[in-house]
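Read off the chains here:
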Number of protein chains: 2
Amino acid sequence: MCDVNVFVVKNGVEEKVLENVDLIEEVPDGIRLVNIFGEERTLKAKMVLYNNSEKRMLFQSF
Amino acid sequence: MCDVNVFVVKNGVEEKVLENVDLIEEVPDGIRLVNIFGEERTLKAKMVLYNNSEKRMLFQSF
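Residues numbered from 1 in each chain as written. Chains lettered and ligands numbered in written order. Predicted model: local features only at pLDDT ≥ 70, side-chain atom pairs only at ≥ 80, totals over all residues. Heavy atoms only, no water.

- Under the annotation held in an unreviewed UniProt entry, chain A carries the name RNA-binding protein and is attributed to Desulfosarcina alkanivorans.

The following block contains the structure:
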């Protein structure tokens, strides 16, 4: 599986937002994440890191 | 392989920037892409789409 785990940093603290994310898209109120189970989250954040080897994507909240 | 192909949209035109991207990170002058062959590109852009099934990541230039 090539899905990624998405983390967000807010005020210097990093937390996992959603695992097994398959689709990420810009929407009017931020960035929408959808995982392979159909779970969704929307963030007001920008991507600052994608590490394929670690299956890891990091967003900075704003 | 779970690497992605990176595209950028600039003035409404989409073009492929780099294939087989393994690492993306924010740097002082933009977003730095590195692929599995060690090739690099730096963009002034934000991610607007990630589609894992299509191995595709799209950035909007600014």
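Next, the rest of the story.
## Side note on the interface of chain B and chain A
For interface size, the figure often reported is the accessible area lost on association.
Then, number 1: If you look at the interface, chain B gives 21 residues, while chain A gives 21 residues.
Then, number 2: Both sides of the chain B and chain A interface together cover about 1700 Å² of buried area, and 52% of this is carbon and sulfur.
Then, number 3: Three residues, Cys2(B), Met47(B) and Tyr50(B), lead the burial of chain B against chain A; their summed loss comes to 34% of the area buried on that side.
Then, number 4: Our enumeration of links across chain B and chain A arrives at 2 salt bridges.
Then, number 5: Taking the shortest distance from any N to any O, the salt bridge between Glu26(A) and Lys46(B) comes out at 2.5 Å.
Then, number 6: Counting the contacts that link chain B with chain A gives 8 residue pairs in polar contact (both at pLDDT 80 or more).
Then, number 7: Here the residues of the side of chain B that touches chain A are counted per class, giving 13 nonpolar, 3 polar and 5 charged.
Then, number 8: Relative to strand 2 (residues 13-27) of chain B, strand 5 (residues 45-51) of chain A runs antiparallel, the two sharing 3 bridges. (Contact = heavy atoms within 4.5 Å. Buried area = accessible area lost by both parts, 1.4 Å probe. Salt bridge = Lys/Arg side-chain N within 4 Å of Asp/Glu carboxyl O. Polar contact = N/O pair within 3.5 Å; in protein donor to acceptor, adjacent residues only side chain to side chain. Nonpolar A, V, L, I, M, F, W, Y, C, P; charged D, E, K, R; others polar. Pairing = 2+ DSSP bridges. Helix = DSSP H or I, 4+ residues; strand = E, 2+ residues; numbered from the N terminus.)

## Focus: the packing of aromatic side chains
Each aromatic ring pair is characterised by the separation of its centres together with the angle its planes make.
Then, number 1: Enumeration over the complete set of coordinates arrives at 1 aromatic pair over all chains.
Then, number 2: Taking the ring centre of Phe7(B) as reference, the NZ or CZ of Arg56(B) above it sits at 4.7 Å. (Phe/Tyr/Trp six-rings, centres within 6.5 Å; stacked < 30°, edge-to-face > 60°. Lys NZ or Arg CZ within 6 Å of the ring centre and 35° of its normal.)

## Observations concerning the environment of Gly38(B)
Residues and elements named next belong to chain B.
Then, number 1: Tracing the sequence through the fold places glycine 38 in the loop between strand 3 (30-35) and strand 4 (40-43).
Then, number 2: Exposure remark for glycine 38: the relative accessible area of 47% places this residue in the partly exposed category.
Then, number 3: C-alpha separation for the pair glycine 38 and glutamine 60, spaced 22 residues apart in sequence, amounts to 23 Å. (Buried < 20%, exposed > 50% of the residue type's maximum accessible area, 1.4 Å probe, protein only.)

## Focus on the nonpolar core
Then, number 1: The biggest cluster of nonpolar side chains holds 30 residues, and the ones touching the most others in it are Val6(A), Ile24(A), Met57(A), Phe59(A), Ile24(B), Met57(B) and Phe59(B).
Then, number 2: Those residues within four positions of Phe59(A) in sequence are excluded, and the remaining contacts are Val6(A), Phe7(A), Val8(A), Val9(A), Ile24(A), Ile31(A), Leu43(A), Ala45(A), Lys46(A), Met47(A), Val48(A) and Met47(B). (Core = buried A, V, L, I, M, F, W, Y, C linked by side-chain atoms within 4.5 Å.)

## A few points about the side chain of Arg56(B)
Then, number 1: Along the chain, the position of Arg56(B) falls in strand 6 (residues 56-61).
Then, number 2: Apart from residues no more than four positions distant in its own chain, Arg56(B) is found in contact with Val4(B), Asn5(B), Phe7(B), Glu14(B), Leu49(B), Tyr50(B) and Asn51(B).

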